[in-house]
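# Geometric and topological summary
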Amino acid sequence: HEGGATHKGRFLIMNRSSGVLLPVSALPSPHGIGTLGTEAYRFIDFLAAAGQRYWQILPLGPTSIGDSPYQPFSSYAGNPYFIDLDSLVAAGLLSADEVASADWGEDPGRVDYGRIYAARLPMLRRAFARADAALRAEAAAFARENAAWLPDYALFMALKRHFGMRAWTQWEDENIRLRRPDAVSAWSECLRTDVEFFTFVQFLFYRQWEALKAYASVHGIKIIGDLPIYVAMDSADVWAGPQNFQLDAGNTPIAVAGVPPDSFSADGQLWGNPLYCWEKMREDGYRWWMERIAGAARLYDVLRIDHFRGLESYWSVPFGETTASRGHWVKGPGMDFIDAVRARFPTLPIIAEDLGYLSPEVHALLKASGFPGMKVLEFAFDSREPGEYRPHTYPENCACYTGTHDNAPLLGWREDAAPEDVARATAYLGLNEREGFHWGMIRGGMSSVALLFVAQMQDYLGLGAESRMNTPSTLGCNWQWRMQQGDCTPALAEKMRFYTELYGR
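Residues numbered from 1 in each chain as written. Predicted model: local features only at pLDDT ≥ 70, side-chain atom pairs only at ≥ 80, totals over all residues. Heavy atoms only, no water.

## Some details on the overall build of the protein
For the protein, the count of helices and strands is 19 helices and 14 strands. Taking 23 Å as the expected radius of gyration for a compact globule of 505 residues, we find that the protein reaches 23 Å, a close match to that expectation. Residues classed as buried in the protein amount to 57% of the 505 residues present. Considering only residue pairs separated by 6 or more positions, the protein has 74% of its internal contacts joining residues 24 or more positions apart. (Helix = DSSP H or I, 4+ residues; strand = E, 2+ residues; numbered from the N terminus. Rg over C-alpha atoms; globule rule 2.2 N^0.38 Å. Buried < 20%, exposed > 50% of the residue type's maximum accessible area, 1.4 Å probe, protein only. Contact = heavy atoms within 4.5 Å.)

This is how it looks when you write it as structure tokens:
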């Protein structure tokens with residue numbers, strides 16, 4: 001079926017189709033950040049009108065310092081910032097005046113995370129305090145259904161609040177820091193109200209997300225979601241399951257994740273995430289991972305495994321290093337892990353984010369997996385990148401992106417790229433001012449043989465570098481861009497549909 005998935009041999013692949021990359025945070029809303037409310041439903045309507053089949057988003061988890069959705073407090077939990085407050089007003093849990101009087105920030109085009117942090121949880125606490133017995137019973141039933149992760153997460157967040165939101169590795173009580181059973185029981189009782197609050201917040205998030213996802217499904221839109229290969233050190237995942245990670249007896253990392261130096265970064269990138277004990281995970285059939293993927297499959301229709309090359313071998317940096325330059329490669333779980341995933345989730349479509357330093361072994365692993373890899377159109381004309389990103393070299397079983405959330409939008413790329421790279425793209429794709437540089441690049445991706453084509457929403461809007469979502473290895477200015485109300489016009493949907501239908505997507 002069009003836009004869905006089909007079996008080819010023993011692997012699951014997507015049919016020829018296209019979609020748009022737009023984080024939930026970037027949706028318009030009057031409350032400082034995109035939510036699961038009215039504008040999310042309108043965006044789904046827009047995608048359907050534009051002939052799209054996929055909405056790709058960034059991870060939905062609760063964010064920490066730095067605001068990155070790739071460093072959430074939990075692999076399972078939803079971000080409280082995304083809960084639609086207007087729905088809570090309609091349910092009688094908040095008043096319209098309370099919501100309107102809060103300081104959500106002054107610029108509708110940027111997220112002010114400091115102000116959102118100060119205003120959002122107090123607002124949700126009011127809603128929690130007003131929940132009646134029936135709603136609390138629903139939340140309790142939700143907690144029982146999610147007993148594999150929710151109690152740990154809710155206690156983790158209650159403890160973080162008690163300890164001034166510091167990382168769990170800095171909590172004064174060693175017994176709860178190391179999660180000894182007596183301490184877990186004592187603190188769970190001591191912080192019972194806060195535990196119930198954080199449970200209630202997840203109940204609200206999941207109820208709203210599942211309604212939105214069902215609406216998308218009815219309108220022929222599937223959700224592509226990211227599964228970051230690593231989890232944050234300061235997360236319920238690591239605090240509750242330290243045995244799965246390369247930690248010492250005091251739960252301090254032995255080595256952490258990153259990527260090596262390359263032509264883009266002389267020091268590489270030091271991510272700082274704890275690394276997995278893959279050998280230990282193999283003993284129980286990667287149970288921790290299977291549960292994590294099952295949780296992600298509940299949220300999304302298609303998974304994009306971020307940093308797929310880390311499954312073949314990963315860059316291990318000794319803990320305490322200030323750059324990633326002194327790391328080394330260590331073999332990952334490879335096909336043993338992928339076979340376990342395919343056996344457990346035989347019908348789950350998966351995209352492999354196979355960008356970065358790709359060795360012959362990584363190419364072989366991708367081919368053996370059967371997963372479609374990624375091709376980034378901006379890389380096709382960069383003299384520092386291999387020629388495999390040019391559309392005439394694409395295999396059918398791949399996903400073509402104009403750029404990812406880590407890349408500048410197309411017009412920003414044109415401003416920053418070397419003149420010879422822009423000239424190469426212009427000659428290759430026949431770019432011209434009449435069509436528009438960004439539309440010509442979109443045409444180049446649309447017309448490729450790639451099964452899936454995805455463009456950032458900023459590219460369809462013709463925005464420049466000011467709308468970039470993330471610049472790797474920088475802090476303080478990322479994850480902030482927001483689309484404006486009224487940007488998704490009928491004329492834009494019609495033009496997108498024209499290109500989509502022209503190239504059979």
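Read on, since the account is not over.
## Observations concerning the environment of M469
Structurally, the position occupied by M469 is in the loop between α18 (457-460) and α19 (490-502). Looking at M469, the relative accessible area reads 2%, which means it is buried. In sequence terms M469 and P409 are 60 residues apart; their C-alpha atoms lie 8.7 Å from each other.

## Overview of the pattern of salt bridges
A complete count under the given rule lists 32 salt bridges for this structure. Between D194 and R125 there is a salt bridge, with its nearest N and O atoms 3.1 Å apart. Of the two residues, D194 sits in helix α9 (residues 192-218) while R125 sits in helix α4 (residues 113-130), which places them 69 residues apart along the sequence. Judged by relative accessible area, R125 falls into the partly exposed class, the value being 24%. (Salt bridge = Lys/Arg side-chain N within 4 Å of Asp/Glu carboxyl O.)

## Brief notes about the side chain of H438
By secondary structure assignment, the location of H438 is in helix α17 (residues 437-446). Relative accessible area serves as the criterion here: at 15%, H438 is assigned to the buried category. What H438 contacts, discounting residues up to four positions off in sequence, is L410, L411, D459 and G462.

## Considerations on the pairing of strand β14 (residues 452-456)
Of all five residues making up β14, five are buried, and the element is well covered by its neighbours. Judged by which residues are buried, β14 turns out to be covered on both faces: L452, V454 and Q456 on one side and F453 and A455 on the other are all buried. Two strands pair when backbone bridges link them, and strand β3 (residues 17-21) and β14 are joined in this way by five bridges, in the parallel orientation. Residue pairing for β14: S17 is matched across the bridge by L452. Relative to β14, strand β13 (residues 398-401) is paired through three bridges, and the arrangement is parallel. In the strand pairing of β14, A399 is matched with L452. (Pairing = 2+ DSSP bridges.)

## A closer look at unusual backbone geometry
In this structure, D67 is a non-glycine residue whose phi angle is positive, near 70°. Here D67 is to be found in the loop between β4 (54-56) and α2 (85-90). A positive phi is found at W479, a non-glycine position, where the angle reads about 65°. Within the secondary structure, W479 sits in the loop between α18 and α19.

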